[in-house]
Amino acid sequence: MASGCGCGGGSGGGGCGSSAKTAPTVDIEPVGAVAFEPAQAEQAVADEAPQLIASSEQEWPIISVNGVSIAPQAMAQELQYHPAESREEAVYQAARALVIRELLQQRIAELGLALQVGAGENEEEAATRLLLEREVQVPQCDEATCLHYYESNRARFHSAPLLAVRHILLECAPDDAEARSLAHVQAELLLERLDQFPGSFAELALKYSACPSKEQGGSLGQISKGQTVPELERQLFTLPAGLASKPLESRYGWHVISIDQRIDGQPLPYEAVATAIRTQLQQGVWQKALVQYLQTLIGAADIRGIHLQGADSPLVQ
């Protein structure tokens, strides 16, 4: 990115960040999802030993899974992956992850799965993947289901709006109240000047702007959502075409803005979003099936020292 101001200025246009167009996204809440993080592998640190959260075994619950104890040292190591508002909650989450890990390992051993380690996997990851591929049966989302979701949520499927933007950045530190006040006054004066002389934007940008876009008359090119800092984006996309009536503030300072062109998002046809819909729906189905499979393992196991929700029989429909 050519600019250090975060607003996307620089040669070549395209707005803040990358100018590459992104595929349409689908915002879908996972069906039946729960928080579940498998225990993460210990990372070797070359020049320092891993630190234990606690040194006394009495600080940790006594937990076993089908007669196999969960070591306090393992809980201490796992705790770092489960930030929470209280130590009690963090210990519970760490212990739950280790219980689930132990259940999966016991099931892998029971089935005697032959390992096929893939690229970037360790043996435990490969074994867990093979187990889930074998035992978690996920129904596929058919075309009718995807089309029904599209028809029920048409408002979600629009191309991103585009703005052709010019700006003059009056830079000041976010914590310098005096400089911010002075920059705001200067921005108001520039707006008055532009009201009188609309064709002077490029000249004023070259003279006053702290953004590299001043070399292109203040042009940021085409801006889409996600290409500038959030506090500026929220204001930009509410503006009509033309010179903004007041300066806009961001962490970088005050911006005098001109919207040269506004292209609102257009409805996307089903064919353009079908793959994204299917992927998201399938992910929701997978998450639900995984939760139900884990509940089945929990329901069939002798788990002591921690309460987890289980099921007496498979729940996957």
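Residues numbered from 1 in each chain as written. Predicted model: local features only at pLDDT ≥ 70, side-chain atom pairs only at ≥ 80, totals over all residues. Heavy atoms only, no water.

As named in an unreviewed UniProt entry, the chain is peptidylprolyl isomerase, taken from Pseudomonas canavaninivorans. Per UniProt, the comment on the chain under Sequence similarities (unreviewed entry) is "Belongs to the PpiC/parvulin rotamase family." The annotation that UniProt attaches to the chain under Catalytic activity (unreviewed entry) is "[protein]-peptidylproline (omega=180) = [protein]-peptidylproline (omega=0)". (UniProt positions renumbered as here; feature names shortened; annotations may be inferred.)

A. Representation of the sheet that holds strand β2 (residues 68-69) within the structure. Read from one edge to the other, the open sheet built from three strands follows the order β2-β1-β8, with strand pairing classed as antiparallel. Edge positions in the open sheet fall to β2 and β8 (303-304), since each of these has one partner strand only. Bridging between strand β1 (residues 64-65) and β8 involves two bridges; their strand directions are antiparallel. Within β8, the position partnered with Ser64 by the bridge is Arg304. (Pairing = 2+ DSSP bridges. Helix = DSSP H or I, 4+ residues; strand = E, 2+ residues; numbered from the N terminus.)

B. Examining the pattern of salt bridges more closely. Throughout the structure, instances matching the rule amount to twelve salt bridges. Ionic pairing is found between Arg107 and Glu110, a salt bridge with its closest N-O pair at 3.0 Å. Here Glu110 and Arg107 lie together in helix α2 (residues 87-111), a separation of three residues that amounts to about one turn. Overall, the relative accessible area of 60% leaves Glu110 in the exposed class. Connected via shared salt-bridge partners are Arg107, Glu110 and Glu135. (Salt bridge = Lys/Arg side-chain N within 4 Å of Asp/Glu carboxyl O. Buried < 20%, exposed > 50% of the residue type's maximum accessible area, 1.4 Å probe, protein only.)

C. Looking closely at the pairing of strand β3 (residues 162-171). For β3, the buried fraction is high: seven of the ten residues fall into the buried class. Alignment of β3 against strand β4 (residues 219-224), held across five bridges, turns out to be antiparallel. Across the sheet, the residue bridging to Arg166 is Ser219, located in β4. Taken together, the ten bridges between β3 and strand β7 (residues 253-263) define a ladder with antiparallel strand orientation. Pairing of Glu171 across the sheet is with Gly253, part of β7.

D. Looking closely at the packing of α2 against helix α3 (residues 123-135). At a minimum axis distance of 10 Å, the contact between α2 and α3 shows a crossing angle of 75°. Of the possible angle classes, the one that applies to α2 and α3 is roughly perpendicular. Between α2 and α3, the residues in contact are Arg101, Leu104, Gln105, Arg107, Ile108 and Leu111 and Glu124, Ala127, Thr128, Leu131, Leu132, Arg134 and Glu135, respectively. Classifying every residue of the contact of α2 with α3 gives six nonpolar, two polar and five charged. (Axes fitted to C-alpha atoms, helices over the stretch in contact; angles between N-to-C directions. Parallel < 35°, antiparallel > 145°, perpendicular 65-115°, else oblique. Contact = heavy atoms within 4.5 Å. Nonpolar A, V, L, I, M, F, W, Y, C, P; charged D, E, K, R; others polar.)

E. Examining the packing of α2 against helix α8 (residues 270-300) more closely. Orientation of α2 relative to α8, taken along the N-to-C sense of each, is 80°, at an axis distance of 10 Å. What the angle tells us is that α2 and α8 run roughly perpendicular. On α8, the residues touching Ile100, Leu103, Leu104 and Arg107 of α2 are Tyr293, Leu294, Leu297 and Ile298. Among the residues forming the contact of α2 with α8, the class breakdown is seven nonpolar, no polar and one charged.

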